[in-house]
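# Breakdown of the fold
Residues per chain, in single letters:
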Amino acid sequence: MNPSTIEFFVMVARLGSISRAALELGIEQSTITRHIGKLESDIGVRLFHRSGRGVMLTDAGRVFLARAQEVVQALEQARQTAAHLAGSGPAQIVIAAQPTIAWQMFGRLAHVLSARFPDAKLRFMEGLGSQLMNWLVEGQIDMALLYVPTQANVVDFDELLKEPLYCVAAQDFPLPAGPLDMRALLSLPMVLPSTQHGLRGLMQSLAHQEGLSLHTAIECDGSIAVTKRLVESGHGCTILPLAAIAREHEAGLLKAVPVNDARLLRTVAIATARNRPLMDANWEIGQMIRQVGAELVQAGAWPGVQGMQRRA
């Protein structure tokens, strides 16, 4: 039996009129008449006595009404449950980010997500760009906040903002006060990862474009904190966004010199896997991430970033 037919039957029985039931439900009278006729045909008994003043339940109709009301009540409870589930959002939200982005975003984002989805279990993870991409593909995380790599065919990106990279060095490292050009940057001893992804890959590409060799003093595959410590100790320079060294810069441990080259930009993006279905609240969570990023930029709490990327 069609659940709508049961609901129509109960409404007609309560009001004693097909026309009043149609008006109450906002549908055509003929629709209700057709459903009631089909119901009587299916169960093989008449449920209503019809007259010019409306309808009255038959004895069989009164027996059937008791069961039909239970069905209608169960349907309403199911609708309420579905509405609650839709309103409460996913049971778990897992977001990963690269270290600098995590440092900037996770504190504020946790407040916003908890307020909107109080029943959801929040889980934040931190990792390198290649790790985040693997976690997405394997389904370990729902979305990632990362710097867009040069090659990434397994995930989709929604650009969030663009962040300039600075030449970072110890305070006593001999660097000019003004902006460096690319060739001057490439002449410096660098502390960079060994992997060809991320910052190392970017610098290798720029060196190739300039016809120069990359001068790598130390390869560091540890955290950004370890890289900063090596630079602070005078082992060379590196390139990082201003937000990554905000505390060390304020404390006078590191300095950041701008590079006068538009190629030294990294795009921060929200990434999702192509091989897995998105969670139901994915779009809304993406909008919340975008709003948090915009608030941080507008408040000057994301150093070096002047504005957000606009959606097309």
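Residues numbered from 1 in each chain as written. Predicted model: local features only at pLDDT ≥ 70, side-chain atom pairs only at ≥ 80, totals over all residues. Heavy atoms only, no water.

### Re the nonpolar core
Let me state the cut-off plainly: The term nonpolar core refers to a set of buried residues drawn from Ala, Val, Leu, Ile, Met, Phe, Trp, Tyr and Cys, joined through side-chain atoms within 4.5 Å. Type-normalised accessible area, obtained with a 1.4 Å probe on protein chains alone, sets the label of each residue: buried when under 20%, exposed when over 50%, and partly exposed for intermediate values. The way it works is that DSSP assigns letters per residue, a run of H or I at least four long becomes a helix, a run of E at least two long becomes a strand, and they are numbered from the N terminus. Here a residue-residue contact requires only that any non-hydrogen atoms of the pair lie within 4.5 Å.
If you look at the biggest cluster of nonpolar residues, it comprises 35 residues, and the most contacted ones within it are Leu-185, Leu-188, Met-203, Ile-239 and Leu-264. Of all elements in the fold, only strand S6 (155-170), helix H7 (182-186), strand S7 (190-192), helix H8 (198-210), helix H9 (224-232), strand S9 (238-241) and strand S10 (254-258) reach the threshold of two or more residues within this core. Of the residues forming this core, the biggest block, 6 residues, is contributed by S6. Sequence-distant contacts of Leu-188, that is, excluding residues within four places in its chain, are made with Cys-167, Phe-173, Leu-175, Leu-180, His-215 and Cys-237.

### A short note on the state of the cysteines
As used here, a disulfide is simply a covalent bond connecting the sulfur atoms of two cysteines. We count it as follows: Sulfur atoms of two cysteines make up a disulfide when they are within 2.5 Å.
Within this structure, the stated rule accounts for 0 disulfides. Not part of a disulfide, Cys-220 finds its nearest cysteine sulfur in Cys-237, a span of 15 Å. Looking at the unpaired Cys-237, the closest cysteine sulfur is the one in Cys-167, lying at 4.3 Å.

### Here's the deal with helix H3 (residues 29-43)
Our working definition: For a helix, the expected span equals 1.5 Å multiplied by the residue count minus one. Along the arc lie the directions from the helix axis toward the C-beta atoms.
Over its 15 residues, H3 runs 22 Å from end to end, which matches the ideal 21 Å to within 8%, given 1.5 Å per residue. Within H3 the residues assigned to the buried category are Ile-32, His-35, Ile-36, Leu-39 and Glu-40. Taken around the axis of H3, the buried residues stretch over an arc of 135 degrees, which confines them to a single face. Facing away from the buried side of H3 by more than 90 degrees, the exposed set consists of Arg-34, Lys-38 and Ser-41. Of the residues flanking the end of H3, it is Gly-44, one or two places downstream, whose phi is positive at about 80 degrees.

### Here we look at the environment of Ala-97
By secondary structure assignment, the location of Ala-97 is in strand S3 (residues 92-97). Residues Ala-97 and Phe-124, spaced 27 residues apart in sequence, show a C-alpha to C-alpha distance of 8.0 Å. Residues in contact with Ala-97, not counting those within four places in the same chain, are Ala-102, Phe-106, Met-125, Glu-126, Gly-127, Leu-132 and Leu-145.

### Examining the environment of Glu-284
Let me state the cut-off plainly: Residues adjacent in sequence count toward polar contacts only when both atoms are side-chain atoms; beyond that, a polar contact is any pair of N or O atoms within 3.5 Å, and within protein one must be able to donate a hydrogen and the other to accept it.
The residue Glu-284 is located in helix H11 (residues 282-298) in this model. With 189 residues separating them in the primary sequence, Glu-284 and Ile-95 have C-alpha atoms 14 Å apart. There is a polar contact of 2.6 Å between the side chain of Glu-284 and the side chain of Arg-116.

### What to know about the side chain of Arg-200
Its place among the elements puts Arg-200 in helix H8. In terms of polar contacts, Arg-200 uses its side chain to reach the side chain of Glu-219, at 3.1 Å. Once you skip the residues sitting within four places of it in the chain, Arg-200 turns out to touch Leu-192, Pro-193, Ser-194, Thr-195, Leu-214, Thr-216 and Glu-219.

### Things to note about helix H6 (residues 129-138)
Within H6 the residues assigned to the buried category are Leu-132, Met-133, Trp-135 and Leu-136. Relative to the axis of H6, the buried residues are bounded by an arc of 160 degrees and lie together on one face. Here the buried face of H6 lies against S3, strand S4 (121-126), strand S5 (143-147), S6 and strand S11 (265-273). Backbone geometry just downstream of H6 places Gly-139 in the positive-phi region, at approximately 80 degrees.

### Here we look at the packing of aromatic side chains
To be explicit about the condition: When two rings of Phe, Tyr or Trp (its six-membered ring) have centres within 6.5 Å they constitute a pair, described as stacked for plane angles under 30 degrees, edge-to-face for angles over 60, and tilted for the intermediate range.
Taken as a whole, this structure holds 3 aromatic pairs when the rule is applied. With a centroid separation of 5.3 Å and 50 degrees between ring planes, the pair formed by Phe-9 and Phe-48 is classed as tilted. With Phe-9 in helix H1 (residues 3-15) and Phe-48 in strand S1 (residues 48-51), this pair connects stretches of sequence that are 39 residues apart. Just as Phe-9 is buried, Phe-48 falls in that class too. Centroid distance Phe-106 to Phe-124: 4.2 Å. Interplanar angle 10 degrees. Geometry classified as stacked. Remark: Phe-124 occurs in strand S4 and Phe-106 occurs in helix H5 (residues 99-116); sequence separation between them is 18 residues. With a relative accessible area of 12%, Phe-106 lands in the buried category. Since its relative accessible area comes to 29%, Phe-124 is described here as partly exposed.

### Examining the pairing of S4
Note the following rule: Two strands form a pair only when DSSP identifies at least two bridges running between them. The handedness rule is simple: strands pointing away from the viewer, and a clockwise path from the first strand over the helix to the second, make the crossover right-handed.
As defined by bridge partners, S3 adjoins S4 across 6 bridges and the pair is classed as parallel. When the sheet's bridge partners are listed, Gln-92 is paired in S4 with Lys-121. As a crossover connection, the stretch from S3 through H5 into S4 is right-handed.

Purely geometric numbers; function is a separate question.
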